[in-house]
Amino acid sequence: MDLLRDNVRAVYRKYFLAAFGSALISCIYGVVDMAMVGQYQGPDGTAALAVAAPVWNIIYSLGLLTGIGGSVLLSAKRGSGAAGQAEANEYFTTAVFASVLLAVLAWAGVWLLEEPILRFFGADALAIYGPVINISTFVQCCAYSVGQVAQPIISTNFGAHQGAAFSVFWTALSLAWPNLYIRIFMRPTAAILAMAPGIIRTYAVSFLLLPLNIFSTYYFQAILKPGAAFFVSVARGLVISGALILLLPEVLGPAAIWWAMPVTELLVACCAVSAMRHATRALPSC
């Protein structure tokens, strides 16, 4: 299949099925894992997994950092013809070695700093955060698969439509039946069932813009704008979200923490859309 000459819609559909299937299997594994722990260990078990989730996300992000970045550079060089094959191979080798190095460092950090890490991420986290973050991770997996497919052929329209469909579906489901997640992932107490709807409905607002922000990083990488992709990823995953998590409860009260991610996704989306428009206008017309 020729990415440059074949029908874009047909190419996109073929790669989408493969990428989405792979992401879906990975997400199902995580969902089933948390559901089993929650059903047999109750809220305490779900809370423990929620505390560990940020650590897993950091390690996962490090893998994406080298894997996606290396694949974009490799594809660009291979697309330039036979002259770029040697450099493409060098990019591949560098990405593999970087992934191995980061994996070793992450493993060593978790092993040596286990207790400080868990305390930093809140060992007393509410059990309800587990189902919320698990569904959020599932939505992100769907968005990642859409972005990975669109990246080699820069299929912006197809990718945006698929991402919008996922975001609307999961947001609507969260607003309509918030306690569905709780019953799947644990044996809830009356107190948890009482507080869950408000928390889940608030957090689920972030699902509307989450796929757009993730897709924008793949778009920037595909057009070789790593600075913009890095900004979006770090802003939504660390800088803006971290600042709001610390500031909102202090200013508006503890319950305001659940608005941290919706506000983060909104701010990042505004920046991402503006940057995408600017970058698209700068692309060669041919």
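Reading the values: rules and limits
- Residues numbered from 1 in each chain as written.
- Predicted model: local features only at pLDDT ≥ 70, side-chain atom pairs only at ≥ 80, totals over all residues.
- Heavy atoms only, no water.
- Helix = DSSP H or I, 4+ residues; strand = E, 2+ residues; numbered from the N terminus.
- Buried < 20%, exposed > 50% of the residue type's maximum accessible area, 1.4 Å probe, protein only.
- Contact = heavy atoms within 4.5 Å.
- Areas by Shrake-Rupley, 256 points an atom, 1.4 Å probe, with all protein chains shown as cover.
- Axes fitted to C-alpha atoms, helices over the stretch in contact; angles between N-to-C directions.
- Left-handed = near helix turned anticlockwise from the far one by under 90°.
- Expected span 1.5 Å × (residues − 1).
- Arc of directions from axis to C-beta.
- Phe/Tyr/Trp six-rings, centres within 6.5 Å; stacked < 30°, edge-to-face > 60°.
- Disulfide = S-S within 2.5 Å.
- Patch = residues over 30% accessible without salt bridge, like charges linked within 9 Å, V, L, I, M, F, W, Y side chains within 5 Å.
- Salt bridge = Lys/Arg side-chain N within 4 Å of Asp/Glu carboxyl O.
- Parallel < 35°, antiparallel > 145°, perpendicular 65-115°, else oblique.
- Nonpolar A, V, L, I, M, F, W, Y, C, P; charged D, E, K, R; others polar.
- Core = buried A, V, L, I, M, F, W, Y, C linked by side-chain atoms within 4.5 Å.
- Polar contact = N/O pair within 3.5 Å; in protein donor to acceptor, adjacent residues only side chain to side chain.

Counting secondary structure elements, the chain contains ten helices and zero strands. Element order for the chain, N to C, with α for helix and β for strand: α-α-α-α-α-α-α-α-α-α. Within the chain, the proportion of its 286 residues that are buried is 39%. Of all intrachain contacts in the chain linking residues separated by at least 6 positions in sequence, the fraction that spans at least 24 positions is 74%. Total accessible area on the chain stands at roughly 15,800 Å², and carbon and sulfur atoms take up 69% of it.

This part is about the packing of helix α8 (residues 210–222) against helix α10 (residues 260–281). For the pair α8 and α10, interaxial distance at closest approach is 9 Å and the crossing angle is 35°. By crossing handedness, the relation of α8 to α10 is classed as left-handed. Here Leu-210, Leu-212, Asn-213, Ser-216, Tyr-219 and Phe-220 of α8 lie close against α10, whose contacting residues are Glu-265, Val-268, Ala-269, Ala-272, Val-273, Ala-275, Met-276, Ala-279 and Thr-280.

All right, on to α10 then. The end-to-end C-alpha distance of α10 is 32 Å, a good match for the 32 Å that 22 residues give at a rise of 1.5 Å each. Along α10, the residues that are buried comprise Ala-260, Met-261, Pro-262, Thr-264, Glu-265, Val-268, Ala-269, Ala-272, Met-276 and Ala-279. Burial along α10 is one-sided: seen end-on, the buried residues are contained in an arc of 145°. For α10, the exposed residues lying more than 90 degrees away from the buried face are Arg-277, His-278 and Arg-281. Buried residues belonging to α10 abut α7 (190–204), α8 and α9 (226–252).

A separate point is the packing of aromatic side chains. Applying the stated criterion across every chain yields a total of four aromatic pairs. Look at Trp-107 and Trp-111: their rings are 5.6 Å apart centre to centre, the planes differ by 15°, and that puts the pair in the stacked class. Of the two residues, Trp-107 and Trp-111 both sit in helix α2 (residues 85–112), four residues apart, roughly one turn of that helix. Neither residue differs from the other here; Trp-107 and Trp-111 are each classed as exposed.

As a further point, take the state of the cysteines. One pass over the full model with this rule turns up zero disulfides. Residue Cys-270 stays outside any disulfide, its sulfur separated by 6.8 Å from that of Cys-271, the closest cysteine.

Together, Ile-28, Val-32, Met-36 and Tyr-40 make up a nonpolar patch on the protein surface, roughly 420 Å² of accessible area in all. Structurally, the position occupied by Tyr-40 is in helix α1 (residues 8–79).

Their axes nearest at 8 Å, the elements helix α6 (residues 178–185) and α7 cross at an angle of 125°. The orientation of α6 with respect to α7, classified from their angle, is oblique. The crossing of α6 and α7 is right-handed. Here α6 contributes Pro-178, Asn-179, Tyr-181, Ile-182 and Arg-183 to the contact with α7, which in turn contributes Ile-192, Leu-193, Ala-196, Pro-197, Ile-200 and Arg-201. Here the residues of the contact of α6 with α7 sort into eight nonpolar, one polar and two charged.

A few words on the environment of Pro-249. Looking at the element boundaries, Pro-249 is found in helix α9. According to the relative accessible area criterion, Pro-249 is partly exposed, its value standing at 22%. Between the alpha carbons of Pro-249 and Trp-259 there is a distance of 9.7 Å; along the sequence they are ten residues apart.

Considering soluble globular proteins, one finds that nonpolar side chains tend to be buried as a cluster. If you look at the biggest cluster of nonpolar residues, it comprises 25 residues, and the most contacted ones within it are Trp-170, Tyr-181, Ile-182, Phe-185 and Phe-207. If you list the elements that add at least two residues to this core, you get α1, α5 (156–176), α6, α7 and α8. Core analysis: the second largest hydrophobic core is formed by 15 residues, Tyr-219, Leu-248, Ala-256 and Ala-272 among them.

Bringing α2 into the picture now. Here α2 contains 28 residues, and its C-alpha end-to-end distance of 41 Å stays within 8% of the 40 Å for a straight helix at 1.5 Å per residue. Listing the buried residues of α2 in full gives Ala-88, Ala-95 and Ala-106.

The next thing to look at is the side chain of Arg-236. Here Arg-236 is to be found in helix α9. Of the polar contacts made by the side chain of Arg-236, one reaches the side chain of Glu-265; its length is 2.7 Å.

Such coordinate-based values are descriptive only and should not be taken to indicate function.
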